[in-house]
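Here is what each chain is made of, one letter per residue.
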Amino acid sequence: MQLISLPNQILKCGALELDLSKPHVMGVLNVTPDSFSDGGKHNSVEAALERAKQMIAEGASVIDVGGESTRPGASAVDVQDEVDRVVPVVEALSKLNVVISIDTSQPEVIKKAVKAGAHIWNDVRALTKPHALETAAELDIPVIIMHMRGEPTTMNQLDQYNDITLDVISELQTRLDAALNAGIKPENIMIDPGFGFAKNAHQNLKLLKELYKLNELGYPMLSALSRKRFIGEALGGVPAHERAVGSVTGHLLSIQQGACMVRAHDVKEMVQAIQIWAAMNSVS
């Protein structure tokens, strides 16, 4: 493993900014009935708003709102249903002066969410839906391009790689080229290695071990491994709600290798881990 300095870059998010020279925590806010970890807990505006306030108080810089579960085997969600889940929550969150990310692949969802006050497009399908690239360029907002193969219903059958890390880099580069060719500004792009998406447990761990290699792509990196299955398997089969320590450990290893943002369910614990890491690095 290599220890990497974080990028000296400011991510502009509407009237707000994120200084990516220090690590940020993106708090997960699922407004779905079927998320693998916390489905149904926050799928009312009131519950979602209270959870967001709690995560902000714990130190989250970004709130990531998701209206479609992308767990393995998850069924597709109608676009209007996704809009109905996400937009009222965004309207409520827009009053909190926090950066709002939308976990969606649908251009219509992100357009309406941005109109309601959202700032970042977090797309697990890497802008592959029809008109997604054009929409991202037109909106002129930060976009997170994640590595995945197939769809949630098929991705578990698509985990054949020659070299997991080099193949992820190559496939991400293809999507980055498409984004740039569509007119998306380089300063608006972040990457995500896609832990848990079309990757088995061994591949996820090898990718985590070699995550520093993704810095050669030249873009700020998000690590999103919170509570994922491979964390549970590495811990001997523990359920999702018991994977906090493993998730924090994996995210801290990601930060040491250059990730400037981590997507976490357990915000308080993650923020404390970063505080210790930052305190250690401040000592000469």
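Look up a bit, the structure's there.
Residues numbered from 1 in each chain as written. Predicted model: local features only at pLDDT ≥ 70, side-chain atom pairs only at ≥ 80, totals over all residues. Heavy atoms only, no water.

**A short note on the overall build of the protein chain**
- Assigned secondary structure in the protein chain consists of nine helices and ten strands.
- The C-alpha radius of gyration of the protein chain comes to 17 Å, within 12% of the 19 Å expected for a compact globule of 284 residues.
- If you line up the protein chain on its principal axes, its C-alpha atoms span 45 × 40 × 40 Å.
- Among the 284 residues that make up the protein chain, the fraction classed as buried is 56%.
- Across the protein chain, every contact between residues at least 6 apart in sequence was considered, and the portion connecting residues at least 24 apart equals 67%.
- A total of about 12000 Å² of accessible surface is found on the protein chain, and carbon and sulfur atoms cover 51% of it.
- Within the protein chain, one finds 26 positive and 34 negative side-chain charges whose respective centroids are separated by 2 Å. (Helix = DSSP H or I, 4+ residues; strand = E, 2+ residues; numbered from the N terminus. Rg over C-alpha atoms; globule rule 2.2 N^0.38 Å. Buried < 20%, exposed > 50% of the residue type's maximum accessible area, 1.4 Å probe, protein only. Contact = heavy atoms within 4.5 Å. Areas by Shrake-Rupley, 256 points an atom, 1.4 Å probe, with all protein chains shown as cover. Lys, Arg positive; Asp, Glu negative; His and termini not counted. Charge placed at Lys NZ, Arg CZ, Asp CG, Glu CD.)

**Digging into the packing of helix 8 (residues 244-256) against helix 9 (residues 267-282)**
- The N-to-C vectors of helix 8 and helix 9 enclose an angle of 40°; their axes lie 10 Å apart at closest approach. With respect to helix 9, the element helix 8 is oriented oblique. Seen from above, helix 8 lies across helix 9 with right-handed handedness. For the pair helix 8 and helix 9, contact is made by Val248, His251, Leu252, Ile255 and Gln256 and by Glu269, Met270, Ala273, Ile274 and Trp277, respectively.
- The class makeup of the residues in the contact of helix 8 with helix 9 is seven nonpolar, two polar and one charged. (Axes fitted to C-alpha atoms, helices over the stretch in contact; angles between N-to-C directions. Parallel < 35°, antiparallel > 145°, perpendicular 65-115°, else oblique. Left-handed = near helix turned anticlockwise from the far one by under 90°. Nonpolar A, V, L, I, M, F, W, Y, C, P; charged D, E, K, R; others polar.)

**Some words on the pairing of strand 7 (residues 143-146)**
- A two-sided burial pattern is seen for strand 7, the buried positions comprising Val143 and Ile145 on one face and Ile144 and Met146 on the other.
- With three bridges joining them, strand 6 (residues 120-123) and strand 7 adopt parallel strand pairing. Within strand 7, the residue paired with asparagine 122 across the bridge is isoleucine 144.
- Considered for its hand, the β-α-β crossover made up of strand 6, helix 4 (residues 132-139) and strand 7 is right-handed.
- In terms of strand pairing, strand 7 meets strand 8 (residues 189-192) through four bridges, oriented parallel. Each residue of the ladder has a partner; that of isoleucine 145, found in strand 8, is isoleucine 191.
- Each parallel crossover has a hand, and for strand 7 linked through helix 5 (residues 164-181) to strand 8 it is right-handed. (Pairing = 2+ DSSP bridges. Right-handed = clockwise from strand over helix to strand, strands pointing away.)

**A closer look at helix 4**
- Of the residues making up helix 4, those classed as buried are Ala132, Leu133, Thr135 and Ala136. Looking straight down helix 4, one finds its buried side chains confined to an arc of 165°; they lie on one side.
- Just downstream of helix 4, aspartate 140 is the residue with a positive phi angle, here 55°. (Arc of directions from axis to C-beta.)

**Remarks on the sheet that holds strand 9 (residues 222-223)**
- Pairing is parallel across the open sheet formed by eight strands, whose spatial order is 8-7-6-5-4-3-10-9. For this open sheet the edge positions go to strand 8 and strand 9, each flanked by a neighbour on one side alone.
- Bridge analysis of strand 4 (residues 62-66) against strand 5 (residues 99-103) gives five bridges, and the strand direction is parallel. Across the sheet, the residue bridging to valine 62 is valine 99, located in strand 5.

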